[in-house]
Amino acid sequence: MVLDRIDKKILNTLQVNGKTTNSKLSKIVGISAPATLERVKRLELAGVISHFTAVVDPEKIGFSIMAIVSISLSLSSLSSVACIKERFREIEEVVECYQIAGANDFVLKVIAKDIKSYGGFMNEKLTQIEGIQIIKSSFVIDNVKEKKVFVLDLEEEYRV
């Protein structure tokens, strides 16, 4: 599937405001409302649009601690990486998890209500995962930039 100019306009618009009505979206992209809805559904079916969601400010709902946690596995644990990934997926405080190449094996973004809750997460959940050798936590002081929009160049060809 190749994204055409209209698909890219749809994606650019919905990334900025996922609540844009189909009627308004159709006016922005210049095609009928039924054709616009069909394109959005096609983009969803192709996995280009993975889901729609509300972005919530964690602090406003009582989660004041954000940490970036670097994880290194022991060499003997490399065979159980799939198991470790599954454990990370199951922990509610882990909101993002990346397997990386370099000095560490994983980087986690962790949200907790307060430092005591973070301590509970560390002691009762993270340190209980077999195979983790080193855990390094860095606490976020300020979110300087968090990009959620990936602007598609209307002239560039994208294949999905």
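The coordinates are above.
These numbers were taken from a predicted model, which means no experiment stands behind them.

## A short note on the sheet that holds strand E4 (residues 106-112)
Thought 1: Across the sheet, 4 strands lie side by side as E3-E4-E2-E5; this open sheet has antiparallel pairing. Looking at which strands have only one partner, the edges of the open sheet turn out to be strand E3 (94-99) and strand E5 (132-139). Ignoring which end each strand starts from, the neighbouring axes of this sheet average 20° apart.
Thought 2: Contacts from helix H4 (residues 81-90) reach strand E2 (65-73), E3, E4 and E5 within the one sheet, and its direction differs from that of E4 by about 20°.
Thought 3: The strands touched by helix H5 (residues 115-124) are E2, E3, E4 and E5; relative to E5, the strand with the most contacts, the crossing angle is about 165°.

## With respect to the pattern of salt bridges
Thought 1: Applying the stated criterion across every chain yields a total of 11 salt bridges.
Thought 2: Of the charged contacts, one joins Lys109 and Glu96 as a salt bridge, the two residues approaching to 3.3 Å between their closest N and O atoms. Of the two residues, Lys109 sits in strand E4 while Glu96 sits in strand E3, which places them 13 residues apart along the sequence.
Thought 3: Judged by its relative accessible area of 26%, Glu96 is partly exposed.
Thought 4: Residues participating in the shared-partner salt-bridge network are Asp4, Asp7, Arg39 and Arg42.

## Considerations on the state of the cysteines
Linking two cysteines covalently through their sulfur atoms gives a disulfide.
Thought 1: For the coordinates displayed, the defined rule picks out 0 disulfides.
Thought 2: Left without a disulfide partner, Cys83 is nearest to the cysteine sulfur of Cys97, which lies 14 Å away.
Thought 3: Residue classification places Cys83 among the exposed residues on the basis of a relative accessible area of 54%.
Thought 4: The class of Cys97 is partly exposed, set by a relative accessible area of 34%.

## With respect to the packing of aromatic side chains
Thought 1: Tallying each qualifying case throughout the model produces 3 aromatic pairs.
Thought 2: On the numbers, 5.1 Å between centres and 75° between planes, the contact of Phe88 with Phe106 is edge-to-face. Taken together, the residues Phe88 in helix H4 and Phe106 in strand E4 connect sequence positions 18 residues apart.
Thought 3: On the basis of relative accessibility, which here comes to 1%, the residue Phe106 falls in the buried class.
Thought 4: When the ring of Tyr118 is compared with that of Phe139, the centres are 5.0 Å apart and the planes differ by 75°; the resulting orientation is edge-to-face. Here the residue Tyr118 occupies a position in helix H5, and Phe139 occupies one in strand E5, the gap between them amounting to 21 residues.
Thought 5: The exposure class assigned to Phe139 is partly exposed, which follows from its relative accessible area of 41%.
Thought 6: Taken together, the ring pairs in this structure connect Tyr118, Phe121 and Phe139 into an aromatic cluster.

## Looking at the pairing of E4
Thought 1: Counting buried residues along E4, 6 of its 7 residues qualify, which places the element largely inside the surrounding structure.
Thought 2: Relative to E4, E2 runs antiparallel, the two being bridged by 7 bridges. From the neighbouring strand, Ala67 faces E4, where its bridge partner is Val110.
Thought 3: Two strands pair when backbone bridges link them, and E3 and E4 are joined in this way by 5 bridges, in the antiparallel orientation. Residue pairing in the sheet places Val94 in a bridge with Val110 of E4.
Thought 4: Connecting the antiparallel pair E3 and E4 is a turn made up of 6 residues, with Gly102 showing a positive phi of about 135°.

Cut-offs used in this document
Residues numbered from 1 in each chain as written. Predicted model: local features only at pLDDT ≥ 70, side-chain atom pairs only at ≥ 80, totals over all residues. Heavy atoms only, no water. Pairing = 2+ DSSP bridges. Helix = DSSP H or I, 4+ residues; strand = E, 2+ residues; numbered from the N terminus. Axes fitted to C-alpha atoms, helices over the stretch in contact; angles between N-to-C directions. Contact = heavy atoms within 4.5 Å. Salt bridge = Lys/Arg side-chain N within 4 Å of Asp/Glu carboxyl O. Buried < 20%, exposed > 50% of the residue type's maximum accessible area, 1.4 Å probe, protein only. Disulfide = S-S within 2.5 Å. Phe/Tyr/Trp six-rings, centres within 6.5 Å; stacked < 30°, edge-to-face > 60°.

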